[in-house]
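Structural overview
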Amino acid sequence: MMSIRRSTNLIGALVLAGSLCAVASAQKGQTLLNVSYDPTRELYQDYNAAFARYWKTKTGEDITIHQSHSGSGKQARAVIDGLEADVVTLALAYDIDAIAQKGDLLPTNWQTRLPHNSAPYTSTIVFLVRHGNPKQITDWDDLVRPGVVVITPNPKTSGGARWNYLAAWGSALKHHGNDAAAAKEFVTKLYKHVPVLDTGARGATVTFVERGIGDVLIAWENEALLAVRELDQGQFEIVAPSLSIVAEPPVTLVDRVVDRRGTRAIAQAYLDYLYSEEGQEIAAKHYYRPRLQAVAAKYATQFPQIELFTLAELFGDWQQTQQVHFSDGGVFDQMYQPGQ
Amino acid sequence: MSAIRGRRHRVIPGFGLTLGVTLLYLSLIVLIPLSATFLKASTAGWSACWHTVTEPRALASYRLSFGAAFIGAAVNAIMGLVVAWVLVRYQFPGRRIIDALVDLPFALPTAVAGITLTTVLSVHGWIGRYLEPLGITAAFSPLGVVIALIFIGLPFVVRTVQPVLQALDPELEEAAASLGAGRWQTFARVIIPELWPALLTGFALAFARAIGEYGSVVFISGNMPMRTEITPLLIITKLEQYDYAGATAIGVFMLLVSFALLLVINLLQWWSGKRHA
């Protein structure tokens, strides 16, 4: 009895070992690791499959692409600390700047290496309101009316939420003829209407959607469209403000890693293909605004018409913006100082 | 030398070996990561460190983190004793299920605990909707933080008091009663002194766990600067700015305060143990 059991165990172990070997040999082709932020999970699942097909027909090589998702800043720190990312696709340039400066893993001028500030797709900041828009919210000014409760995550902990803040600031700035004091007053007032500062965008969405707190959620357009089209049909509506910011989630390859692993060519092709018609179409399907005119025209009805400004137009680069608004003691912190 | 030789007759020898293993293990698991934290913090320099840890916003977060952790652990010390008492002293149907329930806060991912508690306690939640008319906001307030910390700390007190209570002979109480002690006297003079060291340990564990808790609290606290920001959140916001030195400075400060508090609790335990020996 004993010997039979032992021999079945042995057979089991051999079968297991054999199957592991089989898996190992199947994955002999190149691998690529794309380290990204939270809401791009589905986008890159589709894109990775498409790119693998494209690469196979072009070169005959098999490629396996792994993806990793978490908060944008957390991912940047992981790459600085040694996570072997061939490419990073994050929510804001500030996080990739940190990889360049603190980690010294890529040149500091990385953002000039690909077209459109290295952001192959964009989004913008819109409002999500409850069905029927009971508080009659149509534009930024409506958010600071008495009794309106606004949900937006904490810009200190969420990279995505920094775009929300900057959209509000920039809109007020343009509205008041470039008066920075008026913009600061508006944004200070706005955050007084925010009862909860969730640490991330998904947390804020849960607060608004699941807990029923707040009249309006300030959100990325791609997330808002996803919520309206695919999650809760009829419960929520998108309100497009008259003015908003172009949110540019940038991409780049991590030079030190691709050179060490010998994946530079394929990583470069992976990023270039994001700008191709198929790559742009996949981005648009996942509610990101495409850069390519032909694809943009095809999906024009999907995106509301909004007058858009860029970060560079109103704020300069991310280093300045972070320093002025979000660093410790910066404008955002000043809003919460006692007496404000 | 002779002292060591004199101990040679132990049933299981190996003092030297086990002490060596203990020191090596503690160094690898505890001391090396902690000293790295200290080193990182020291890169900023003393005045910068001091400035970081004494900012008004940091001070407000210490009040919340340490205050809520203390209240949570104190509530658990009392209620945990009651739970342990019931589980040890009485036989009733469902006792084993309740016993198993106590460990759930250990097993649940803290984020799940935080999200669940927030859902239940927020304005439209099962409990929150009844608290709102009474003027009590449980979610997104310091009260919510305390509730989350009570939740995660409960097993520590129950699990440390339970075995001691089990070993406590009911004959002691009978003896006290036959010598003329009242019920309260028996409880205060006979039972509590026996349980005191275990209760303190449970309190200390629950307290220490609560100070560093992040996952469950960030969901329920609302994270409003100066009001409901816990210290671990402040560390995360520093990390988001890639301010590693500032983040570790606050980390080291928390560590030192926690260590001092745990040391005081240990001394208290030692002192009470000696008094009742």
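This structure is a prediction, so every number in the text was calculated from the model and none was measured.

**Observations concerning the pattern of salt bridges**
All names here are of chain B. Per the counting criterion, the structure on display carries 27 salt bridges over all chains. For Arg 159, the salt bridge identified is with Asp 99, shortest N-O distance 3.0 Å. Here Arg 159, found in helix 9 (residues 142–167), pairs with Asp 99, found in helix 5 (residues 95–101); they are 60 residues apart in sequence, far enough to count as distant. Its relative accessible area of 24% is what places Arg 159 among the partly exposed residues.

**What about the environment of Glu 237 of chain A?**
Residues and elements named next belong to chain A. With respect to the secondary-structure elements, Glu 237 resides in strand 7 (residues 236–239). The class of Glu 237 is partly exposed, set by a relative accessible area of 28%. Expressed as a C-alpha distance, the spacing of Glu 237 and Asp 62, which sit 175 residues apart in the sequence, is 43 Å. Other than its neighbours up to four places away in sequence, Glu 237 contacts Phe 127, Leu 128, Val 129, Arg 130, His 131, Gly 132, Asn 133 and Val 228. A distance of 2.7 Å separates the side chain of Glu 237 from the backbone nitrogen of Gly 132, its partner in a polar contact.

**Here's the deal with the interface of chain B and chain A**
The interface is formed by 24 residues belonging to chain B together with 29 residues belonging to chain A. Regarding the contact of chain B and chain A, the summed buried area is about 2400 Å², with carbon and sulfur atoms giving 53% of it. For the chain B face of the interface with chain A, the top three residues by lost area are Glu 240, Gln 241 and Tyr 242 of chain B, together amounting to 31%. The interface formed by chain B and chain A contains 4 salt bridges. For the salt bridge of Arg 77 of chain A with Glu 240 of chain B, the shortest nitrogen-to-oxygen distance reads 3.5 Å. Joining chain B to chain A, the criterion identifies 11 residue pairs in polar contact (both at pLDDT 80 or more). Listing elements by their share of the side of chain B that touches chain A, those giving two or more residues are helix 7 (110–121) and helix 13 (231–240) of chain B. A per-element tally of the side of chain B that touches chain A places helix 13 of chain B first, with 6 residues. When the residues that make up the side of chain B that touches chain A are grouped by side-chain class, the tally is 13 nonpolar, 8 polar and 3 charged.

**Section: helix 7 of chain B**
All names here are of chain B. Between its first and last C-alpha, helix 7 extends 16 Å over 12 residues, near the 16 Å set by a 1.5 Å rise per residue. Among all positions in helix 7, only Ala 113, Gly 114, Leu 117, Thr 118, Val 120 and Leu 121 are buried. Projected down its long axis, helix 7 carries its buried residues within an arc of 165°, all on one side. The secondary structure elements touched by the buried residues of helix 7 are helix 8 (128–131), helix 9 and helix 12 (217–221).

**Focus on the confidence of the model for chain A**
Residue and element names in this part refer to chain A. On average, chain A scores 90 in pLDDT, and the residues at 70 or more come to 91%. Taken as a whole, residues 1–8 scores under 50 in pLDDT and shows 0 contacts with residues more than four places along the chain or in a different chain. For residues 10–27, every residue scores under 50 in pLDDT, and the model assigns this stretch 0 contacts once sequence neighbours within four places are set aside.

**So, the domain arrangement of chain A**
All names here are of chain A. On domain assignment, one finds that chain A holds domain 1 (29–119 + 249–275) and domain 2 (123–247 + 305–335). Taken together, the contact between domain 1 and domain 2 spans 9 residues of the former and 11 residues of the latter. Each partner contributes to the roughly 950 Å² buried at the junction of domain 1 and domain 2, and carbon and sulfur atoms together form 59% of this total. Of all residues in domain 1, the largest losses of buried area upon contact with domain 2 belong to Pro 39, Leu 92 and Tyr 94, amounting jointly to 50% of the total for that side. Between domain 1 and domain 2 we count 0 salt bridges in total. Along the contact surface separating domain 1 from domain 2 lie 2 residue pairs in polar contact (both at pLDDT 80 or more). With 4 residues, the top contributor of residues to the side of domain 1 that touches domain 2 is helix 4 (residues 93–101). By residue class, the composition of the side of domain 1 that touches domain 2 is 7 nonpolar, 1 polar and 1 charged.

**Quick notes on the packing of helix 4 of chain A against helix 14 (residues 318–326) of chain A**
Helix-helix packing is characterised by the crossing angle of the two axes and by the distance between the axes. Residues and elements named next belong to chain A. The N-to-C vectors of helix 4 and helix 14 enclose an angle of 105°; their axes lie 9 Å apart at closest approach. It follows that helix 4 is roughly perpendicular to helix 14 by the angle criterion. Counting all contacts with helix 4, which are made through Ala 93, Tyr 94, Asp 97 and Gln 101, the residues of helix 14 involved are Trp 318, Gln 319 and Gln 322. Grouping the amino acids of the contact of helix 4 with helix 14 by side-chain chemistry returns 3 nonpolar, 3 polar and 1 charged.

Reading the values: rules and limits
- Residues numbered from 1 in each chain as written.
- Chains lettered and ligands numbered in written order.
- Predicted model: local features only at pLDDT ≥ 70, side-chain atom pairs only at ≥ 80, totals over all residues.
- Heavy atoms only, no water.
- Salt bridge = Lys/Arg side-chain N within 4 Å of Asp/Glu carboxyl O.
- Helix = DSSP H or I, 4+ residues; strand = E, 2+ residues; numbered from the N terminus.
- Buried < 20%, exposed > 50% of the residue type's maximum accessible area, 1.4 Å probe, protein only.
- Contact = heavy atoms within 4.5 Å.
- Polar contact = N/O pair within 3.5 Å; in protein donor to acceptor, adjacent residues only side chain to side chain.
- Buried area = accessible area lost by both parts, 1.4 Å probe.
- Nonpolar A, V, L, I, M, F, W, Y, C, P; charged D, E, K, R; others polar.
- Expected span 1.5 Å × (residues − 1).
- Arc of directions from axis to C-beta.
- pLDDT = per-residue confidence, 0-100.
- Domains from an automatic or database assignment.
- Axes fitted to C-alpha atoms, helices over the stretch in contact; angles between N-to-C directions.
- Parallel < 35°, antiparallel > 145°, perpendicular 65-115°, else oblique.

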